[in-house]
Amino acid sequence: MTTRSRAGLLFVAPALTLLAIFFLGPVVAALLLAATDFDVYTIADLRHLRLVGLDNFRRLLGDPRVQRAFANTLWFVVVAGPLSIGVSLAAALLLNATALRGRAVFRTIFFLPVVTTLVAVAVVWRYLYHPRHGLLNQLLGALGVSPIDWLGDPAWALPALALLAVWKNFGFNMLVFVAGLQAIPDRLYEAARLDGAGWWARFRHVTVPMLAPTFLFVGVITTIGYLQLFAEPYVMTQGGPADATLSVVLLMYEEGFRWWNLGYGSALAFVLLACIVVLSVAQLALQRRSLAIEAPAGGRP
Amino acid sequence: MRRALGAVAVHAVALAAATLTLLPLVWMVSASFMPAGEAGAVPLRLWPSAPTLEHYRALFARLDLGRHLAASAGLATATTLIALACNTLAGYAFAKLPFPGREAVFRGLLAALLVPGQVAMLPLFLLVRTLGLVDTFLGVLVPGMASVFGIFLVRQYARGIPDGILDAARVDGAGEGRVFLRVALPLCAPILITLAVFAFLGAWNDFIWPLVVLADERRYTLPVALANLVGEHVQDTELVMAGAVLTVAPVIVLFLALQRWYVAGITSGSLKE
């Protein structure tokens, strides 16, 4: 072995050891745990541990709270996800507008919510959402809209959390879109303009196809992030009212750390992981296909 | 004429969007200085009638927030330093020091990027419990010490270092440790700042893991203490807002000071390959 490869192994050893012990190991253990009935009795005495095979997964299928949690989480991914990506793209286009002065200041302002502590801003939004003296209802009231019980009404609670999440996150994807927009060569826009393409046509036929790889990255990142929804419902609604904002990770947290059903909780964690992998791979495949349609062989600039 | 109108429209939209984005944060700061009860006034008050520091004083004097501030700052700093050391060494090796199985291991790490931390959380808690680290700061620290994303970030950057510079140092008789410390590390300075900001913000803002590991209220980090404060003082809007300001202000200041590197990290992470 050369000195260089010995040094290489030595250099990666600390990080890989830590990752193996505190990340890879626990992930594998979660799979094993999911096949056991590890619960509060097992914590007291390991001899209570029994292998139950796929029982936990079977129980998950019939558990109405699990179905509720998955429905809520998927709603978040499918509704709040595209909404947040749309807001991010709009903000990026705005920042990219040639006429805009003070670009750096606007960029910083739009990005600010991303770095804030979620718990702190969730606390702030809880007060903004207050049905009687919250800022939002008072503003809406000035426009003649009757008060909405944002966090207390099962129909509004999840959309309210989505609004907070979009506000908190859009700046991140916005930056990614800005980088993608800046990578588009100006000559493509010039060529389109010479062909008489208006603003919308240039956006539709130059910007969108050229941003395809960016959309993929942003889509996967956002999906994975929203599937892990936890702190918003934990701080603002505790999953209520009537489980309207119960998310998969919140349910896992409750099963695992409130009721100490670690076997059942791990099974839940694994279904979540499976969802993340399936959705990411599907998004990748979908994007590949639409790329092929947008740019038939040789047609890509 | 049309162009001028367009410019006005762009600025109007940008100003409106900036106002909406800042509104929750501005209200948070403003409400934290309002006399008790004023934040819930109808009609709405945007500014305090008589600005007061009483809530900040109460937080430090009565509710011992200084202790939680110290816990958060200490934990985030320690996480940052350890993560910097581990991830930089590993990232550099993955970029510049060929060793058997390197590419296979790296592909494995990339796949691990998809796996959310929550999947590991329940067994990780059992592990931390077995190690006797429940309700200790070390227990909070443990999962953040090395990160796949950090290794990835450093590797992408270190690949840009020309091999010739490293080889020149080797010819001069420098060992690999010295080549790394004296030649590679200074060249990696920008990405180290990026990594440090990511690690610090991540550790400071983390909620679920400190919530799980810490039991004794006196050891709570700021976000956990804040969530606790809301539970006990939900009626004291102004007091809670002061707590939120203290939780958010340090990360906002850090971001404003170092945003150039933070932004560079996000865009370099997304434009890979």
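Residues numbered from 1 in each chain as written. Chains lettered and ligands numbered in written order. Predicted model: local features only at pLDDT ≥ 70, side-chain atom pairs only at ≥ 80, totals over all residues. Heavy atoms only, no water.

Draft legend 1. Molecular detail of the overall build of chain A. Looking only at helices and strands, one finds 14 helices and zero strands in chain A. N-terminal to C-terminal, the α/β element order of chain A is α-α-α-α-α-α-α-α-α-α-α-α-α-α. The C-alpha extent of chain A, read off along each of the three principal axes, is 75 × 70 × 35 Å. Across the 301 residues that make up chain A, the buried fraction comes to 52%. Within chain A, contacts between residues at least 6 apart in sequence are counted, and of these 66% link residues at least 24 apart. Here chain A has roughly 13900 Å² of accessible surface; of this, 67% comes from carbon and sulfur atoms. When the 22 positive and 15 negative side-chain charges of chain A are each reduced to one mean point, those points stand 11 Å apart. (Helix = DSSP H or I, 4+ residues; strand = E, 2+ residues; numbered from the N terminus. Buried < 20%, exposed > 50% of the residue type's maximum accessible area, 1.4 Å probe, protein only. Contact = heavy atoms within 4.5 Å. Areas by Shrake-Rupley, 256 points an atom, 1.4 Å probe, with all protein chains shown as cover. Lys, Arg positive; Asp, Glu negative; His and termini not counted. Charge placed at Lys NZ, Arg CZ, Asp CG, Glu CD.)

Draft legend 2. Highlighting the environment of Leu 164 of chain A. All names here are of chain A. Mapped onto the elements of the fold, Leu 164 is located in helix 8 (residues 154-182). For the pair Leu 164 and Ala 122, spaced 42 residues apart in sequence, the C-alpha to C-alpha distance is 7.5 Å. Once residues lying within four places of it in the same chain are set aside, the contact partners of Leu 164 are Val 121, Ala 122, Trp 125, Tyr 129, Glu 232 and Met 236.

Draft legend 3. Structural context of the side chain of Asp 135 of chain B. Residues and elements named next belong to chain B. Mapped onto the fold, Asp 135 is located in the loop between helix 5 (117-130) and helix 6 (137-141). With a relative accessible area of 17%, Asp 135 lands in the buried category. Looking at Asp 135, its side chain comes within polar contact range of the main-chain nitrogen of Ala 215, at 2.9 Å. Once residues lying within four places of it in the same chain are set aside, the contact partners of Asp 135 are Val 213, Leu 214, Ala 215, Asp 216 and Arg 219. (Polar contact = N/O pair within 3.5 Å; in protein donor to acceptor, adjacent residues only side chain to side chain.)

Draft legend 4. Examining the interface of chain A and chain B more closely. Taken together, the contacts link 81 residues of chain A with 95 residues of chain B. For the pair chain A and chain B, the summed buried surface comes to about 7500 Å²; carbon and sulfur atoms form 84% of the total. Counting across the chain A and chain B interface gives two salt bridges. Where Arg 4 of chain A meets Glu 176 of chain B, a salt bridge forms, and the shortest distance between an N and an O atom there is 4.0 Å. (Buried area = accessible area lost by both parts, 1.4 Å probe. Salt bridge = Lys/Arg side-chain N within 4 Å of Asp/Glu carboxyl O.)

Draft legend 5. Just the pattern of salt bridges, in detail. A complete count under the given rule lists 17 salt bridges over all chains for this structure. As a salt-bridge pair, Asp 45 of chain A and Arg 47 of chain A come within 3.0 Å of each other at their nearest N and O atoms. The partly exposed category is assigned to Asp 45 of chain A, whose relative accessible area is 24%. For Arg 47 of chain A, a relative accessible area of 74% translates into the label exposed. Within the structure, one salt-bridge network assembled from shared partners comprises Arg 4 of chain A together with Asp 167, Arg 170 and Glu 176 of chain B.

Draft legend 6. Just helix 1 (residues 2-32) of chain B, in detail. Compared with an ideal rise of 1.5 Å per residue, which puts 31 residues at 45 Å, helix 1 of chain B spans 45 Å between its outermost C-alpha atoms and is within 8% of the ideal. Looking only at helix 1 of chain B, the buried set comprises Val 10, Ala 14, Ala 18, Thr 21, Pro 24, Leu 25, Trp 27, Met 28, Ser 30, Ala 31 and Ser 32 of chain B. (Expected span 1.5 Å × (residues − 1).)

Draft legend 7. The environment of Leu 181 of chain B, seen in detail. Residues and elements named next belong to chain B. Topologically, Leu 181 is positioned in helix 9 (residues 176-187). The exposure class assigned to Leu 181 is exposed, which follows from its relative accessible area of 52%. For the pair formed by Leu 181 and Leu 89, sequence separation is 92 residues and the distance between their alpha carbons is 9.7 Å.

Draft legend 8. Here's a closer look at the confidence of the model for chain A. Model confidence for chain A is summarised by a mean pLDDT of 89, while 96% of its residues fall at 70 or above. In this model residues 295-301 of chain A is a low-confidence stretch, pLDDT under 50, and it forms five contacts with partners more than four residues away in sequence or in other chains. (pLDDT = per-residue confidence, 0-100.)

Draft legend 9. Representation of the packing of aromatic side chains. Inspection of the entire model under this criterion finds 33 aromatic pairs over all chains. Between Phe 94 of chain B and Phe 106 of chain B, the aromatic rings sit 5.4 Å apart at their centres with planes inclined by 50 degrees, giving tilted as the arrangement. A residue pair is termed long-range when its members are at least 10 positions apart, and Phe 94 of chain B in helix 3 (residues 65-96) and Phe 106 of chain B in helix 4 (residues 102-112) qualify at 12 residues. Chaining the aromatic ring pairs together yields one cluster made of Phe 230, Tyr 234, Tyr 253, Phe 257 and Trp 260 of chain A together with Phe 125 and Phe 207 of chain B. One residue, Arg 59 of chain A, lies across the ring of Tyr 264 of chain A, its end atom 3.8 Å from the ring centre. Over the aromatic face of Trp 261 of chain B sits the side chain of Arg 260 of chain B, whose NZ or CZ is 4.4 Å from the ring centroid. (Phe/Tyr/Trp six-rings, centres within 6.5 Å; stacked < 30°, edge-to-face > 60°. Lys NZ or Arg CZ within 6 Å of the ring centre and 35° of its normal.)

Draft legend 10. Geometry of the confidence of the model for chain B. For chain B, per-residue confidence averages 91 on the pLDDT scale, and 97% of positions sit at 70 or higher. The ipTM, which scores confidence in the relative placement of chains, is 0.90 for this predicted complex, and the corresponding pTM is 0.90.

Draft legend 11. Region of the structure containing the environment of Ile 148 of chain A. Residue and element names in this part refer to chain A. Considering the arrangement of structural elements, one finds Ile 148 in the loop between helix 7 (135-142) and helix 8. Sequence separation of Ile 148 and Phe 23 is 125 residues, and the distance between their C-alpha atoms is 43 Å. If we skip the residues at most four places from it in the chain, Ile 148 touches Pro 131, Asn 137, Leu 140 and Trp 156.

Draft legend 12. Examining the state of the cysteines more closely. A full pass over the atoms with the stated rule returns zero disulfides over all chains. Counting only cysteine sulfurs, Cys 188 of chain B is the nearest neighbor of Cys 86 of chain B, a cysteine outside any disulfide, at a range of 16 Å. (Disulfide = S-S within 2.5 Å.)

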